[in-house]
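Chain residues, written in single-letter form:
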Amino acid sequence: MKVYCIASIFSFFAASYLLAGYHHLVKTAPVKNQLFRLVKTNRSVIYKKFNRFFIQDEIILKQGLDPRPFKKLSQHDLKEVWECAEQ
């Protein structure tokens, strides 16, 4: 009985973690793709300072887009877009 409870609690947390990760991927994939296209056309949309990545709102506003979804991306996502655009 004790093993069953521990296994069910572990399964619950593992499923919750996987579901949260899937939700994050679904939510950020379109925003990352759009940012990648912007970076391909204009490299100065993202800049790196002190080993962190920042987004320039003015350039995104000139493109006619709302910069708020891009601001919600994590540093890992911005780094991934930066590295993909370098290649």
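Quick note: structure is the one above.
Report on the accompanying structure. No experiment lies behind these values; they were computed from the predicted model shown.

This next bit is on the side chain of Lys-32. Here Lys-32 shows up in helix 1 (residues 2–41). A relative accessible area of 15% means that Lys-32 is categorised as buried. If near-sequence neighbours (up to four positions away) are discounted, Lys-32 is found in contact with Leu-73, Asp-77, Glu-80 and Val-81.

This part takes up a nonpolar patch on the surface. Together, Ile-9, Phe-12 and Phe-13 give the surface a local cluster of nonpolar side chains, amounting to about 350 Å² of exposed area. Relative to the helices and strands, Phe-13 is located in helix 1.

Now for the side chain of Thr-28. Summarising the element assignment, Thr-28 is placed in helix 1. At a separation of 2.8 Å, a polar atom in the side chain of Thr-28 contacts the main-chain carbonyl oxygen of His-24. When sequence neighbours within four positions are dropped, the list of residues in contact with Thr-28 reads Leu-73 and Asp-77.

With that settled, consider the pattern of salt bridges. With the rule as written, the count across this model stands at five salt bridges. With a shortest N-O distance of 3.7 Å, Lys-32 and Asp-77 are connected by a salt bridge. Here Lys-32, found in helix 1, pairs with Asp-77, found in helix 4 (residues 75–86); they are 45 residues apart in sequence, far enough to count as distant. A salt bridge links Glu-80 to Lys-32, with the nearest nitrogen and oxygen atoms 3.2 Å apart.

Attention now moves to the packing of aromatic side chains. On inspection of all chains with the given rule, the structure shows three aromatic pairs. Geometrically, the ring pair formed by Phe-12 and Phe-13 is edge-to-face, given 5.4 Å between the ring centres and 65 degrees between the ring planes. Summarising the burial analysis for this pair, Phe-12 and Phe-13 share the class exposed. Ring centres 5.4 Å apart and planes at 50 degrees place the aromatic pair Phe-53 and Trp-82 in the tilted group. With Phe-53 in strand 2 (residues 52–55) and Trp-82 in helix 4, this residue pair connects regions lying 29 residues apart in the sequence.

Rules behind the numbers
- Residues numbered from 1 in each chain as written.
- Predicted model: local features only at pLDDT ≥ 70, side-chain atom pairs only at ≥ 80, totals over all residues.
- Heavy atoms only, no water.
- Helix = DSSP H or I, 4+ residues; strand = E, 2+ residues; numbered from the N terminus.
- Buried < 20%, exposed > 50% of the residue type's maximum accessible area, 1.4 Å probe, protein only.
- Contact = heavy atoms within 4.5 Å.
- Patch = residues over 30% accessible without salt bridge, like charges linked within 9 Å, V, L, I, M, F, W, Y side chains within 5 Å.
- Areas by Shrake-Rupley, 256 points an atom, 1.4 Å probe, with all protein chains shown as cover.
- Salt bridge = Lys/Arg side-chain N within 4 Å of Asp/Glu carboxyl O.
- Polar contact = N/O pair within 3.5 Å; in protein donor to acceptor, adjacent residues only side chain to side chain.
- Phe/Tyr/Trp six-rings, centres within 6.5 Å; stacked < 30°, edge-to-face > 60°.

Structural measurements only, silent on function.
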